[in-house]
Amino acid sequence: MGFAEQRFNVNLSILFTELPLLERPAAAAAAGFTAVELWWPWVDSPTPERSELDALKTAIEDAGVRLTGLNFYAGRLPGPDRGALSVPGEESERFRANIDVAAGFARSLGCTALNALYGNRVAGVDPAEQDALALENLVLAARAADRIGATLLIETLNQPESPLYPLVSAPAGIGVVDRVNDATGLGNARFLMDLYHLSMNGEDLPSVIERYADRTGHVQIADNPGRGAPGTGSLPLEDLLDRLGKAGYDGWVGLEYKPGDRPSAEAFDWLPREARAAR
């Protein structure tokens, strides 16, 4: 199969960040891509002004690209935060305030995947209390996603870079997926399989793919070490994506890597231009 057989989208929160947000969709289109994804773009505001939402929607539509994935509000990301939904107090409230805003924005662009980052452990707070709060908020998010025909994604990060984040293995992420689906009965919670994060955790990636491909709603890639483009590290990403395809995964593969010391437009030489447009 190979890279040319995949459906790629570009994460505009890690690539093309040398450009203002509203210029990134057009830059991705100019590089040959027809699909993009985003972390929540307004780090300081879970409920931005309608004018800001409309401006980004227009930029995406004018560029002729499709928004295929969006994060719910996740705190300062990039930065010290790794989500808000399990953090008691103001951050949890900000997440809840964002749920319908994010779902509404996704619906307006036909986006059907919403990623909910779990959040860091908080010193002095019982982990069981955080997990109970997380389940409450994930149930709300799953129901909002269901109302727009979307999937709720649960992501595993990596322990070296996110030492306070509790979901640092594929089984941990799958466990949360199961608890959300059991609580809602909707079955729309799915695993976000980020091959970079899993490799940083030292997991057996072929085994993870074999065990969880059918539970996976989205895949993201970057090479390791360095979180750069495919070919800059040692991960056999082409082989791993082939394995995913053979295991039945036919969804999007998000390019969530750092461009390195070059403009983002030059960070796609590993992928022929004719293979960048989604099929």
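Everything in this summary refers to the structure shown in the same document. (Residues numbered from 1 in each chain as written. Predicted model: local features only at pLDDT ≥ 70, side-chain atom pairs only at ≥ 80, totals over all residues. Heavy atoms only, no water.)

## With respect to the environment of Arg-82
Put simply, the test is: For helices the rule is a DSSP run of H or I covering at least 4 residues; for strands it is a run of E covering at least 2, with both sets numbered from the N terminus onward. In this analysis, two residues are considered to be in contact whenever any of their non-hydrogen atoms come within 4.5 Å of each other. Residues adjacent in sequence count toward polar contacts only when both atoms are side-chain atoms; beyond that, a polar contact is any pair of N or O atoms within 3.5 Å, and within protein one must be able to donate a hydrogen and the other to accept it.
Mapped onto the secondary structure, Arg-82 falls in the loop between strand E3 (66–71) and helix H3 (90–108). Spatially, the C-alpha atoms of Arg-82 and Leu-157 are 8.9 Å apart, while their sequence positions differ by 75 residues. With sequence-adjacent residues up to four places away left out, Arg-82 is seen in contact with Ala-74, Leu-77, Leu-117, Tyr-118, Gly-119, Asn-120, Leu-157, Glu-161, Ser-162 and Tyr-165. A distance of 2.6 Å separates a polar side-chain atom of Arg-82 from the backbone oxygen of Gly-79. Within the structure, the side chain of Arg-82 is placed 3.2 Å from the backbone oxygen of Glu-161, a separation counted as a polar contact.

## Some thoughts on the sheet that holds E3
Let me state the cut-off plainly: DSSP calls a pair of strands paired once it identifies at least 2 bridges connecting them. To obtain each axis, a line is fitted to C-alpha atoms, and for helices this fit is confined to the stretch in contact; angles are then taken between N-to-C directions over 0 to 180 degrees.
Taken together, eight strands build a closed barrel; the order of strands is E1-E2-E3-E4-E5-E6-E7-E8 and the barrel is parallel. Each strand of the sheet is rotated relative to its neighbour by a mean of 30°, with strand direction disregarded. Inspection of the sheet shows strand E4 (residues 113–115) paired to strand E5 (residues 151–155) by three bridges, in the parallel sense. Following the sheet pairing, Asn-115 is matched in E5 by Leu-153.

## Some details on helix H2 (residues 50–63)
To keep things clear, this is the line we draw: Here the expected span of a helix is defined as 1.5 Å times the quantity of residues minus one. Each residue is placed in one exposure class: buried if its accessible area under a 1.4 Å probe, protein chains only, is under 20% of its type's maximum, exposed if it is over 50%, and partly exposed if it falls in between. Taking the helix axis as origin, the arc is that swept by the directions to the C-beta atoms.
When the terminal C-alpha atoms of H2 are compared, their 20 Å separation across 14 residues agrees well with the 20 Å that a helix rising 1.5 Å per residue should span. Every buried residue of H2 is accounted for by Leu-53, Leu-56, Ala-59, Ile-60 and Ala-63. For H2, the buried positions fall inside an angular range of 125° around the axis, keeping them on one side. Across from the buried face of H2, at angles greater than 90 degrees, the exposed residues are Arg-50, Ser-51 and Asp-62. At its buried positions, H2 is contacted by helix H1 (24–30), strand E2 (35–38), E3 and H3.

## Regarding the pairing of strand E7 (residues 216–221)
Stated formally: When the strands point away from the viewer and the connection leading from the first strand across the helix to the second strand turns clockwise, the crossover is called right-handed.
Most of E7 is tucked away, with five of its six residues classed as buried. As judged from the four bridges shared by strand E6 (residues 189–194) and E7, these two strands associate in the parallel manner. What sits directly across from Leu-192, in E7, is His-218. Taken together, E7, helix H8 (residues 237–246) and strand E8 (residues 252–255) constitute a β-α-β crossover, and its handedness is right-handed.

## Looking at the side chain of Thr-68
Its place among the elements puts Thr-68 in strand E3. For Thr-68, a relative accessible area of 7% translates into the label buried. At a separation of 2.7 Å, a polar atom in the side chain of Thr-68 contacts the side chain of Asn-9. Here Thr-68 is in contact with Asn-9, Ala-35, Val-36, Cys-111, Thr-112, Ala-113 and Trp-252, once residues within four sequence places are set aside.

## A few points about the pairing of strand E1 (residues 7–11)
Most of E1 sits inside the fold, with four of its five residues counted as buried. Here four bridges tie E1 to E8, and the two strands are oriented parallel to one another. Pairing of Val-10 across the sheet is with Leu-255, part of E8. With two bridges connecting them, E1 and E2 associate as parallel partners. Its bridge partner lying in E2, Val-10 is registered against Val-36. For the segment spanning E1, H1 and E2, crossover handedness is right-handed.

## A word on the pattern of salt bridges
How we decide: Between Lys or Arg on one side and Asp or Glu on the other, a salt bridge is scored when a side-chain nitrogen of the former is within 4 Å of a carboxyl oxygen of the latter.
Summed over the entire model, instances satisfying the criterion amount to 12 salt bridges. The salt bridge partner of Asp-178 is Arg-215, with a shortest N-O separation of 2.1 Å. With Asp-178 in helix H5 (residues 170–184) and Arg-215 in the loop between helix H7 (205–212) and E7, this residue pair connects regions lying 37 residues apart in the sequence. By relative accessible area, which is 31% here, Asp-178 ends up partly exposed. Under the relative-accessibility criterion, Arg-215 is labelled partly exposed at 26%. The salt bridge involving Asp-239 is made with Arg-243; its shortest N-O contact spans 3.0 Å. On the criterion of helical spacing, the pair formed by Asp-239 and Arg-243 is a turn pair, its members being four residues apart in helix H8. Looking at Asp-239, the relative accessible area reads 36%, which means it is partly exposed. When salt bridges that share partners are traced, they join Glu-90, Glu-91 and Arg-94 into one network.

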